[in-house]
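# Coordinate inspection notes
Each chain is listed here by its residues.
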Amino acid sequence: MAKAVTKEEKYRQMIETPVEKLIPRLAVPTIISMLVTSIYNMADTFFVSQIGTSASGAVGVMFSAMAMIQAIGFTLGMGSGNYISRSLGSRDEETAAKSAATAFFTGGIIGILIAVFGTLFSRQLVFLLGATDTIAPFAQNYARYILAAAPFMITSFVMNNILRAQGNAVFSMVGITAGGILNMFLDPVLIFGFHMGISGAAVATMVSQMVSFSILLFQCNMQKGCIAIRISRFTPTLKIYGEILHAGLPSFCRQGLASVATVALNFAAGPYGDAAIAAMSIVSRFMMFVNSSLIGFGQGFQPVCGFNFGAKRYDRVLEAFWFCVKVAVVMLTSFGIAAFMLSRPIITMFRREDEEVIRIGTLALRLQLATMPFQAWVIMVNMLTQSIGYGFRASLVAMGRQGVFLIPALWIFPKVFGLLGLQICQPVADMFTFVLATGIVMGVLKELGQMRDEEALSDRRGLS
């Protein structure tokens, strides 16, 4: 367990440690957390795929519901986390504590509502998400437990981001990885050992989320130097919600539209059968795994960015951004090349018995991997703009890849190019988003440069 440090020591660390040392130190625990989360998401897909193609498609259908639940957790977590980082950077600990409590209890309330209403209307829900008649029974069985876990899932995402925002990434990692590892062990035991089928995978996810929730809550409230979550600090005011939503909206756009895009993908794939839905679901899960390491690295950058922006160290914000861009491009390009060469074995590993799933999935995966370097740039631009509170511009970037460009592509390209059109939608959306992100970040970098120069001039005047 990492040794806790005082809040003053944490402050000095965040604004003085060289960024090339500080960011990897914060990023490694987060990368581990993201990889474990992605692996256990893939574990669900892998083990359920052994049941059959329709069962595999059911996981893809419910993935859109899980993405929406995660979107709410990320919105509240990233929004409050960025607000916390900036508040601690300006030494306003009271505001940081109120933001943490408000995000946590709001997430819990929303999660309970999702669990109740989602369960009552589960059959309507799975068809709304794009299930076919053969997939629907599996999707309903899976949904029952996933929806019950919604309150724990949302609040865990909130606490995860609250801990990272304070620079306590190791504490965050412990909670996330413990639940993820437990899920991977429970999947085969419940699915095959207890003959629970697809319900076993959902129960495994539910139990793992409860375990993560318990560990993260302990970390937040019992570890020295962490902001404790207290009901007395729950402050549901327009100002607090405004700050949280302003910073968290990009996450909602990114994750929420990912959910909508998954539904659109399921409907677009439907005419080509359960094999197409299953194949695209497998590709989506694997791409989440590839991107997770970069997102984890970027989340190590975010508290550094937020702290230093709050402390008016704009020089360090710029330095940190360009350092992360270089690492991100090299990282995703390397992953992309390796996975491109192994695309067919990767898809085969999930659904060995269905040649149609393998054929469709292999090409779709290769096309998406080809855009890896461009995705690296887009993700880092989104992280920068979100961390410094440029919510609108961050939202535009976030909406591009999974919404503004992907959803229209899913509506147009399959009609024009058939199955190939379905497979090229995401790569096309990625390239358009790259152009959008580049245009937006040029203006942001110019503004940061001006703020850096003005702050340096002010310091020189203060010394003279």
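The structure contained in this document is the topic of the report that follows. Per-chain numbering applies: the sequence of each chain, read as written, is numbered from 1 onward. This being a predicted model, a pLDDT of at least 70 is required before a residue's local features are given, and a value of 80 or more before pairs of side-chain atoms are given or counted; all residues contribute to the totals for chains, interfaces and linings. Heavy atoms from the whole structure form the basis of all side-chain values; hydrogens and water molecules are not counted.

By salt bridge we mean one thing: a side-chain nitrogen of Lys or Arg within 4 Å of a carboxyl oxygen of Asp or Glu. For the structure shown, the criterion picks out 7 salt bridges. Between Glu355 and Arg344 there is a salt bridge, with the nearest N and O atoms lying 2.9 Å from each other. Here the residue Glu355 occupies a position in helix α14 (residues 355–369), and Arg344 occupies one in helix α13 (residues 343–350), the gap between them amounting to 11 residues. Note on classification: 1.4 Å probe, protein chains only; a residue is buried when its accessible area is under 20% of the maximum for its type, exposed when over 50%, partly exposed between these limits. Given the relative accessible area of 46%, Glu355 is considered partly exposed. Across the pair Glu356 and Arg359 runs a salt bridge, and its minimum N-O distance is 2.7 Å. In this pair, Glu356 and Arg359 both sit in helix α14, 3 residues apart, roughly one turn of the helix. With a relative accessible area of 33%, Glu356 lands in the partly exposed category. A run of DSSP states H or I qualifies as a helix once it reaches four residues; a run of E qualifies as a strand once it reaches two. Both are numbered from the N-terminal end.

One can describe the packing of helix α7 (residues 150–165) onto helix α8 (residues 169–193) by two numbers: an axis separation of 7 Å at closest approach and a directional angle of 160°. Regarding the angle of α7 to α8, the classification is roughly antiparallel. Together, Asn160, Leu163 and Arg164 of α7 and Ala169, Phe171, Ser172 and Ile176 of α8 make up the contact between the two elements. Think of it as three bins: nonpolar holds Ala, Val, Leu, Ile, Met, Phe, Trp, Tyr, Cys and Pro, charged holds Asp, Glu, Lys and Arg, and polar takes everything else, Gly as well. Of the residues in the contact of α7 with α8, the class split is 4 nonpolar, 2 polar and 1 charged. In this analysis an axis means a line fitted to C-alpha atoms, helices contributing only their contacting stretch, and an angle means the value between N-to-C directions, from 0 to 180 degrees. Should an angle fall under 35 degrees it is called roughly parallel, over 145 degrees roughly antiparallel, and 65 to 115 degrees roughly perpendicular, with every other angle called oblique. Residue contacts are counted whenever heavy atoms from the two residues lie within 4.5 Å of one another.

What follows covers a nonpolar patch on the surface. Patches draw on residues past 30% relative accessible area with no salt bridge. Two like charges within 9 Å are joined, as are two nonpolar side chains (Val, Leu, Ile, Met, Phe, Trp, Tyr) within 5 Å. For the accessible areas, the method is Shrake-Rupley and the probe is 1.4 Å, while residue cover comes only from the protein chains on display. Judged by side-chain polarity, Ile109, Ile112, Leu113, Val116, Phe117, Leu120 and Phe121 come together as a nonpolar surface patch covering roughly 700 Å² of accessible area. Tracing the chain through its elements places Ile112 in helix α4 (residues 93–120).

What follows is about the packing of helix α11 (residues 274–310) against helix α15 (residues 372–387). Remark: α11 packs on α15, axes separated minimally by 9 Å, with the N-to-C direction vectors making an angle of 30°. By the angle class used here, α11 and α15 are roughly parallel. Seen from above, α11 lies across α15 with right-handed handedness. From α11, Met287, Val290, Asn291, Leu294, Ile295, Gly298, Gln299, Phe301, Gln302, Cys305 and Gly306 reach across to α15, where they touch Met372, Gln375, Ala376, Ile379, Met380, Met383, Leu384, Gln386 and Ser387. Each residue belonging to the contact of α11 with α15 can be placed in one class, and the counts come to 12 nonpolar, 8 polar and no charged. Crossing handedness is read from the near helix: turned anticlockwise from the far helix by less than a right angle, it gives a left-handed crossing, and turned clockwise, a right-handed one.

By themselves these figures say nothing about function.
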